[in-house]
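# Structural description and commentary
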Amino acid sequence: MRAFILYLAQPADTFDTLADSDRRALASLLDCGDVLLSDGNTRCAALVKRVTRSAWSHVSMYVGPLNEASDPLCIVEADIAGGVRPIRLSQLNAHRVCLLRPIGLDEAERRELADSVLRLLGSEYDVRLAWMLGCNLLAGRWRARLGTLPTTMGRGATRFICSSLIAQAFAMIGHSILPVESDGSRADAANHRYLTPADFEGASAFEIVWRLKQPGVPD
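A short tour of the structure in this document, coming up.

Quick notes on the rules
- Residues numbered from 1 in each chain as written.
- Predicted model: local features only at pLDDT ≥ 70, side-chain atom pairs only at ≥ 80, totals over all residues.
- Heavy atoms only, no water.
- Buried < 20%, exposed > 50% of the residue type's maximum accessible area, 1.4 Å probe, protein only.
- 1 Å grid on protein atoms, 1.4 Å probe; cavity = no way out; pocket = protein on both sides within 12 Å on 5 of 7 lines; lining within 4 Å.
- Points joined across faces, edges and corners; volume = space filled by probe spheres on them.
- Nonpolar A, V, L, I, M, F, W, Y, C, P; charged D, E, K, R; others polar.
- Helix = DSSP H or I, 4+ residues; strand = E, 2+ residues; numbered from the N terminus.
- Salt bridge = Lys/Arg side-chain N within 4 Å of Asp/Glu carboxyl O.

## Quick word on unusual backbone geometry
- Of note, the phi angle at Arg53 is positive, near 55°, even though the residue is not glycine.
- On the basis of relative accessibility, which here comes to 80%, the residue Arg53 falls in the exposed class.

Encoded structure:
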């Protein structure tokens, strides 16, 4: 399994990531608790995009500088090979980025949101959840199966995929990002674990602050 994970973590192709000027522009906009959707070039990223039929393969959170450096650790993600870890903005491997800002949170709530993610540093990547979610999406049964999934949030969870990590952080401060159903209701909060990166872009809980893709990148 470890060999398979390392295989998925390898680049599937080569592409130009964000230019330095773009990273500087992004850095000037970032605020604690912001969510970053990105499109990477690993085999895992290609698989996620294909299965979810989305332009986005990854979601992470900006938590503010964690050390004193010109390029500090400032983003928390759940990586298939590295688990839940902090990375630098320069390490954001993407040729497409969308900056989402949670609506209706004050400064204290945004700090609480970031702290809830930071407390999970060192957690493992949930390969089993990723496999199950992928199988359900391929079978076209995700929405239908939401009601049959576990009904507890799992506050003691120690394994995450990128979307479940960020979704749980929001759930823990009582800020739902689940899509609204046709009748105006929301699915049970337990199902935050089963969201994908694409679900964040369309969630009413966010506003789009910044969006960029490299020239020549197909939609």
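## A look at the layout of surface pockets
- A volume near 900 Å³ is recorded for the largest pocket.
- Taken together, the residues of the lining of the largest pocket sort by class into 27 nonpolar, 11 polar and four charged.
- Of the volumes computed, that of the second largest pocket is approximately 210 Å³.
- Taken together, Asp20, Arg23, Arg24, Ala27, Leu30, Tyr62, Ser70, Asp71, Pro72, Cys74, Leu89 and Ser90 make up the full set of residues lining the second largest pocket.
- Per-element tally for the lining of the second largest pocket: the top contributor is helix α2 (residues 20–29), with four residues.

## Some points on the environment of Ala167
- As for its placement among the helices and strands, Ala167 is situated in helix α7 (residues 162–172).
- For Ala167 and Val117, which are 50 residues apart along the polypeptide, the C-alpha to C-alpha distance reads 9.9 Å.

## Description of the pattern of salt bridges
- Inspection of every chain in the model, using the stated rule, returns 10 salt bridges.
- One salt bridge connects Arg101 with Asp34, and the closest N-O pair in it is separated by 2.7 Å. One end of the pair, Arg101, is in strand β5 (residues 96–102); the other, Asp34, is in the loop between α2 and β1 (35–38), and 67 residues separate them in sequence. Each member of the pair Arg101 and Asp34 is classed as buried.
- Asp115 is the salt-bridge partner of Arg111, the closest N and O atoms lying 3.3 Å from each other. Of the two residues, Arg111 and Asp115 both sit in helix α4 (residues 107–118), four residues apart, roughly one turn of that helix.
- Classification of Arg111 as partly exposed rests on a relative accessible area of 34%.
- Note on Asp115: relative accessible area 31%, which makes it partly exposed.
- Linked through salt bridges whose partners overlap, the residues forming this network are Asp31, Asp34, Arg101 and Arg110.

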